[in-house]
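Remarks on the overall topology
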Amino acid sequence: MKSFIVLIIIYLSVHLTSQQDSISNKYKIIAEAYGDLNADGIEEKVSVLETIEKSESGNIRLIQIYRYMDGK
């Protein structure tokens, strides 16, 4: 159930934020991968970013998922 909630949060965050492929100097890309995450035959890009924001266990990391929509 936790995995489902995390996936929903990630999915919503992708749609509620800009889908531009630009990273400010507040983030460092630590991993990237490509794959068909939603079985539609089109690969999505997944980026793991480390922020400059701190938490109890270290820097906060973000996961961004990019997908093609209307040729963009």
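What comes next is a walk through the structure. (Residues numbered from 1 in each chain as written. Predicted model: local features only at pLDDT ≥ 70, side-chain atom pairs only at ≥ 80, totals over all residues. Heavy atoms only, no water.)

**Notes on the sheet that holds strand β3 (residues 58-66)**
Strand order in the open sheet formed by three strands is β1-β2-β3, and the pairing between neighbours is antiparallel. Here the strands that pair on one side only, and so sit at the sheet edges, are β1 (27-35) and β3. In this sheet, adjacent strand axes meet at a mean angle of 25 degrees when their direction is disregarded. (Pairing = 2+ DSSP bridges. Helix = DSSP H or I, 4+ residues; strand = E, 2+ residues; numbered from the N terminus. Axes fitted to C-alpha atoms, helices over the stretch in contact; angles between N-to-C directions.)

**Let's talk about the pattern of salt bridges**
Any two side chains of opposite charge can pair, given that their charged atoms come close. One pass over the full model with this rule turns up two salt bridges. Two residues, glutamate 50 and arginine 61, come together in a salt bridge whose shortest N-O distance is 3.3 Å. Of this pair, glutamate 50 sits in strand β2 (residues 44-55) while arginine 61 sits in strand β3, placing them 11 residues apart in sequence. According to the relative accessible area criterion, glutamate 50 is partly exposed, its value standing at 21%. (Salt bridge = Lys/Arg side-chain N within 4 Å of Asp/Glu carboxyl O. Buried < 20%, exposed > 50% of the residue type's maximum accessible area, 1.4 Å probe, protein only.)

What is shown is where atoms sit, not what they do.
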